[in-house]
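# Residue-level structural notes
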2 protein chains.
Amino acid sequence: MNTNTGKVTLLSAGPGDLDLLTLKAAKALAAADVVLLDDLANAGIVTLAPQARVIRVGKRGGCRSTPQAFIERLMRRYALKGLHVVRVKGGEALLFGRAGEELAALRGAGIAVEIINGISSGFAAAAGLGISLTHRRHCHGVSFVTAHTEDHGEPDWAALAATRTTLAIYMGMRRIASIASALLASLPADTPAAVVQWAGGVDERRLVTRLDRLATDATSAGFASPAVILVGAAIGESVERVWVEGEPMQGEPLAHEVIAHAA
Amino acid sequence: MNTNTGKVTLLSAGPGDLDLLTLKAAKALAAADVVLLDDLANAGIVTLAPQARVIRVGKRGGCRSTPQAFIERLMRRYALKGLHVVRVKGGEALLFGRAGEELAALRGAGIAVEIINGISSGFAAAAGLGISLTHRRHCHGVSFVTAHTEDHGEPDWAALAATRTTLAIYMGMRRIASIASALLASLPADTPAAVVQWAGGVDERRLVTRLDRLATDATSAGFASPAVILVGAAIGESVERVWVEGEPMQGEPLAHEVIAHAA
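Residues numbered from 1 in each chain as written. Chains lettered and ligands numbered in written order. Predicted model: local features only at pLDDT ≥ 70, side-chain atom pairs only at ≥ 80, totals over all residues. Heavy atoms only, no water.

Our working definition: UniProt positions are given in the numbering used here, feature names are shortened, and annotations may be inferred rather than shown by experiment.
By the naming in an unreviewed UniProt entry, chain A goes by uroporphyrinogen-III C-methyltransferase and is assigned to Paraburkholderia strydomiana. Word for word, the UniProt comment on chain A under Pathway (unreviewed entry) is "Porphyrin-containing compound metabolism; siroheme biosynthesis; precorrin-2 from uroporphyrinogen III: step 1/1." The heading Sequence similarities (unreviewed entry) in the UniProt record of chain A holds the text "Belongs to the precorrin methyltransferase family."

Spelled out as structure tokens, the structure:
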């Protein structure tokens, strides 16, 4: 490796609250020359990188404002100038997103890469709900899957349901009705389910319901991306479980079904 | 709630490196009156809690040095005295461990609980291997499961394999041969597999191999708890893949098959 080259840090920015950054992430930001900032990361993160040139390279949902190839070129260009480039990614860089391709591109160019882990929104969602994702009374584990079919194709919902793990579904809000419907073919209608929008951030909103009402309740309460959908018996441990047994809800959601951020 | 009561913070200490603590965790430790310290957490964490009385309550593997009920009583006792109790748990508190029971016990006593997320060892293991857990070329997601049958029973390995997600298996080292054997009934023999011991700590060790040699290679190289086992096509993206195609290894492992911690 050319000793004159810089390096790239793939930095996981966590779910929004800057206090959920790791100490290691804060140190890397303080030393950064260039920061490439993801849309889903808290924009306030730049205050931790006072010396850095900040470039916004967000891509939200299907709307690709900055093509992936261009982001990779930017990282290479600055690193090859000898600069320390910090690529800030929302959540945990190694869970969804394009870290795999970015790592391959950087290694192909002989650039040193450091990876800094962070808190993924599924864990922040569980913290908001006050539950373990894997309560031993209910399950053997938790499966994190993306419903972003363009990137990953359609998950096998029947196979996922058969694992009896808690399901944490990312990027699923646009297809929540079809996801719930697919899961209902394998899971009981009263399986606890939740949606947490902006998990871990100041605008966090949570809704706890059951699988057969998940899509209706989330839609009527105005939940949208970015949000994590959680499904499984372990979700029923939330003390915020407020769905009404028996009759399906009619009309507008009850006000208390949407739970504001607990400061 | 009695305004004279203290509170309990369930604090995720991450995988060992204190720099992987969140800023929020560091602040909670600085303000702690009492710290209950898990065996799997880095003991150096107490330097971040200079005012606190530190009580070690480790339970490693099947060897329960401090019964769960006693830990819960300790938390209640100190919180009801009005103190801020920080319960330090290795990794991510909401993934395995007994957070579910601890949350229920504390709420039952009317004690306020705060949860602080952290980095689970499966993510630190992926960072060590330099891979995304969910490279979109290979999978839809990742499943975290525990092989600790006393707590969670036996996972359905065939169902997990059928999901085509990356598998991150915790507490599986004692049963690695039977786990690999069960997975081989559903997955190809050459499915990439890895073991990362003390992921994210200074003693981190990594081994990358294939499913049919996983148990033999890990055992002969002396890998043991605490370690994460990773299985799936996404693991094959590691540039540390050093297993030899073709003939199974004979005798001692090659020295380069065990990869030391990259500083």
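### Thoughts on the nonpolar core
Operational definition: Think of a nonpolar core as a cluster: buried Ala, Val, Leu, Ile, Met, Phe, Trp, Tyr and Cys residues, connected wherever their side-chain atoms sit within 4.5 Å. Here's how the labels work: a residue is buried when its accessible area is under 20% of the maximum for its type, exposed when over 50%, partly exposed in between, all with a 1.4 Å probe on protein chains only. Should any heavy atoms of two residues lie within 4.5 Å, those residues are counted as being in contact.
In this structure, Leu 36, Phe 144 and Leu 230 of chain A together with Leu 36, Phe 144 and Leu 230 of chain B are the most contacted members of the largest nonpolar core, which totals 82 residues. Aside from chain neighbours lying at most four places away, what touches Leu 230 of chain B is Ala 125, Leu 129, Leu 133, Leu 167, Ala 168, Pro 192, Ala 193, Ala 194 and Ile 235 of chain B.

### Topic: the sheet that holds strand S3 (residues 53-56) of chain B
Residues and elements named next belong to chain B. Applicable threshold: Think of it this way: DSSP has to see at least two bridges between two strands before they count as a pair. Elements are defined by DSSP. Helices are runs of H or I of four residues or more, strands are runs of E of two residues or more, and each kind is numbered from the N terminus. For every element, the axis is a line fit to its C-alpha atoms; helices are fit only across the contacting stretch, and the angle between N-to-C directions ranges from 0 to 180 degrees.
Spatial ordering of the open sheet is given by S3-S2-S4-S1-S5, a layout of five strands whose pairing is parallel. The sheet is open, and its two edges are formed by S3 and strand S5 (112-116), each paired on a single side. Direction aside, the axes of adjacent strands within the sheet are offset by 20° on average. Pairing analysis gives four bridges linking strand S2 (residues 34-37) to strand S4 (residues 84-89), with the strands arranged parallel. By the bridge assignment, Val 34 is partnered in S4 with Val 85.

### A closer look at the side chain of Ser 143 of chain B
What counts, and what does not: The definition of a polar contact used here is a pair of N or O atoms within 3.5 Å, where within protein one atom must be able to donate a hydrogen and the other to accept one, and adjacent residues in sequence count solely through side-chain atom pairs.
With respect to the helices, strands and loops of the structure, Ser 143 of chain B is situated in strand S6 (residues 141-146). For Ser 143 of chain B, a relative accessible area of 0% gives the class buried. At 2.9 Å, the side chain of Ser 143 of chain B and the side chain of Thr 165 of chain B are in polar contact. Aside from chain neighbours lying at most four places away, what touches Ser 143 of chain B is Val 142 and Ser 143 of chain A together with Leu 160, Thr 163, Thr 165, Thr 166, Leu 167 and Ala 168 of chain B.

### Considerations on the packing of aromatic side chains
For clarity, the threshold we go by: Only Phe, Tyr and Trp rings are paired, with Trp represented by its six-membered ring, and only when their centres lie within 6.5 Å; those with planes under 30 degrees apart are stacked, over 60 edge-to-face, the remainder tilted. Whether a charge lies above a ring is judged from NZ of Lys or CZ of Arg, which has to be within 6 Å of the ring centre and within 35 degrees of the ring normal.
One pass over the full model with this rule turns up eight aromatic pairs over all chains. Arranged with centres 5.2 Å apart and planes meeting at 55°, the rings of Phe 96 of chain A and Tyr 170 of chain A form a pair that is tilted. Of this pair, Phe 96 of chain A sits in the loop between strand S4 (84-89) and helix H3 (99-108) while Tyr 170 of chain A sits in strand S7 (residues 166-170), and the two are 74 residues apart along the sequence. Pair check on accessibility: Phe 96 of chain A and Tyr 170 of chain A agree, each one buried. Connected via pairs of aromatic rings, a cluster forms that spans Phe 96, Phe 123, Phe 144 and Tyr 170 of chain A together with Phe 96, Phe 123, Phe 144 and Tyr 170 of chain B. A cation sits over an aromatic face here: Arg 205 of chain A above Phe 223 of chain A, 4.2 Å from the ring centre.

### What about the sheet that holds S4 of chain A?
Two strands in a sheet stick together by hydrogen bonds in their backbones, pointing the same way (parallel) or opposite ways (antiparallel). Residues and elements named next belong to chain A. The strand order S3-S2-S4-S1-S5 describes an open sheet built from five strands, whose pairing is parallel. Whereas interior strands pair on both sides, the edge strands pair on one side only; in this sheet they are strand S3 (53-56) and strand S5 (112-116). Averaged over all pairs of adjacent strands, the angle between their axes in this sheet comes to 20°, without regard to strand direction. Direction of pairing for strand S1 (residues 7-12) relative to S5: parallel, over a ladder of five bridges. In the sheet register, Leu 10 faces S5, and the bridge partner there is Ile 115. Sitting on the sheet, helix H2 (residues 68-80) is in contact with S1, strand S2 (34-37), S3 and S4, with an inclination near 155° to S4.

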